[in-house]
Amino acid sequence: MNNELNNKIFDLVSLVTKKLESKKSKENQDEDLIGIPVLFNLGKVENIKRSRPDGYGNTIEAYKNDFGLDIQNYRKLRDIANQIIEIEPYANYATVNFIEEHLFDWIIETHKENRAKNEPLNYLQDAFEKDLKKYNFYFRIHALGINSTFKIGQVEFTFFTNDLLLDYSKKFKEQYPEKPEKECELIFKYYISKPIAKVSSKGIQNKAKRNAQREVNLAIDCLKCFLVDESVNSSSKIMDAEYRFTDTFPNSFIYDTSSDKFDFNLQFERTDGIALTSLNKEKIERLFNSGLNEVSEFISSPPENELSKIIINTISSIGNYSSERNLHERVVKIISVYETLFIPLRKGKGLSIVKSKVLPKIIGKNELETVIKMYIDFYDIRNKYLHNGLEKHIDIDNLYKVQKITVFLLKRLIRLNKKLTNSSELLEHFEIK
C-alpha cells in the first residue's frame, strides 16, 4: 500500500508546471490614476504560495514560487490525500488538508531540487509527528448560568475563577517578562464570567479542535435531552456552544389587505425566548439522578459497536429537536428518531410498529392506551404538516410527555447495549420483522 501511494506521489512531480502570469496592458501600466497607489518593485520574494479555493475551504490548484499543480493535476493530489486520511494515525489525528498541504510541499521541493531527499510518506510522517500535540480547548457556552462545575462524558462545564486567572497572569509574567500584562488579559477578556466547556484532545491542531467540538456537541446534546422543561417553555432560550449557537432575533414584517384604504401594519415577533438555562448545583444533581449520569457514562468511552453508534446518533437527534422552536418541525424530528431506530427500510409502517411493538415494551399497561393515543395524534400532526402544509394545534403537555418518553427510551437503549450490539438484534428484541 505504501509503495503504491509513494509511486503515485512521485508521479505528480513530473506534472508540476509553471504558472503563467497574467499580462497587463501597456495602457494600464502607463496610466496614473488618482486613488490607486503606486506599486513598488520589492524584488523577488521567496516561498510565496498561491492557491485557488473552491469557496468551501478546499484548494483546487496551488503554486509555490510560480511552480505547482493546475486544476486537473491538483485533483490527483486530493485523491491521494483522500486515500491516506483513511489510514491510522491520520484518520484520528490529522485532516485531509494537512496531508494535502505537506505532500504538495514535498512535490514542489522535489521538483526544485530535481531529486527526492526522502520518500513522500516519510516526509508526511515527520511533519505529522512534529505537529501532533495534546490540547486543552475552552469553548464558551451561551444562554447558560451555572454556579458549580460538572462533567458530562469527557467535557467539563466550568468557568474561570479569579484565583485561576491570577495564576495564569503570574505564569504569563514569568514566561514573558518583556510583554505587557494586557496581552494576557486580552486572551481571557471575553471568557470572564462565562460558562465554558473544557475538553482535552490530541492531534494536529485543526483536527484536535474538531474532535474536541464533537465531544462538546455530544455532551451538550446529552444535557439537552434532560432539559425538557426548558425545551417546551416558550420563554426559555436553549443553551448551546457559541460556535453553533443560533440566536433568533425579533423579526418584523409589514402587511396590508386588498382594501383601497391605507391599512398597512408593522408587526414584530420572535420565536425564541429570553430566559437563560439556569443550572444551580441542586438542579444539576437532579438531572444526573434522573438519568444524565447514565448517559454521561455511556458517552465517556468511544462507541464499540453498531448499536453504540446508533445510540450516539439518537442523542444528537434528541439534542437537535430540543432546540427546535418551530413545534411542528420538532414533531417531525421526534418521529424521525423512532423511525430511524425501528422502521426497517422505511416501508410506511411507522405508526403501526411504534404502537404495537415499541411502546408496549417501554410503557406500563395502565398508561399504554393513553400514550398510544398521543403518538397517533403526533403522527397525524406530522403527516398533515409534511403532506398538506396544515399546522394543527399541538398540545404542549402531550409534547412534554412524548419528549420524556423518548428520553426514557434512550436510557433503555443504553441498558440494552450491554447485551445487544447491532440494529438487527435491536429489531429482534422489539420483535420487529
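Every chain begins its residue count from 1, and numbering advances along the sequence as written. Reporting in this predicted model follows two pLDDT cut-offs: at least 70 for local features of residues, and 80 or more for side-chain atom pairs to be given and counted; totals over whole chains, interfaces and linings ignore these cut-offs and use all residues. Note: side-chain values were computed over all heavy atoms of the structure, leaving out hydrogens and water.

1. Remarks on the nonpolar core
Phase 1: Here the nonpolar core consists of buried residues drawn from Ala, Val, Leu, Ile, Met, Phe, Trp, Tyr and Cys, with membership extended through side-chain atoms lying within 4.5 Å. Here's how the labels work: a residue is buried when its accessible area is under 20% of the maximum for its type, exposed when over 50%, partly exposed in between, all with a 1.4 Å probe on protein chains only. The biggest cluster of nonpolar side chains holds 78 residues, and the ones touching the most others in it are Ile152, Ile315 and Phe342.
Phase 2: Any two residues whose heavy atoms approach within 4.5 Å are treated as being in contact. In this view, isoleucine 315 contacts Leu218, Asp221, Cys222, Cys225, Val295, Phe298, Ile299 and Leu410; residues no more than four positions away in its chain are not counted.
Phase 3: Within the second largest apolar cluster, 27 residues are counted, among which are Val16, Ile80, Leu103 and Ile107.

2. Section: the environment of isoleucine 376
Phase 1: Helix and strand assignments come from DSSP, with helices taken as H or I runs of at least 4 residues and strands as E runs of at least 2, each series counted from the N terminus. Mapped onto the elements, isoleucine 376 comes out in helix H15 (residues 365-388).
Phase 2: The exposure class of isoleucine 376 is partly exposed, given its relative accessible area of 33%.
Phase 3: Residues isoleucine 376 and aspartate 54, 322 residues apart in the sequence, show an inter-C-alpha distance of 47 Å.
Phase 4: Once you skip the residues sitting within four places of it in the chain, isoleucine 376 turns out to touch Leu351 and Lys355.

3. As for the sheet that holds strand S8 (residues 155-158)
Phase 1: Between any two strands, pairing holds if DSSP finds at least two bridges. The five strands are arranged S7-S8-S9-S5-S10 in an open sheet whose pairing can be described as antiparallel. At either margin of the open sheet sits one strand with a lone partner, and together these are strand S7 (150-152) and strand S10 (240-241).
Phase 2: The pairing of strand S5 (residues 133-142) with S10 spans two bridges and is classified as antiparallel. Bridge pairing links isoleucine 141 to alanine 241 in S10.

That's the geometry; what it means functionally is another story.
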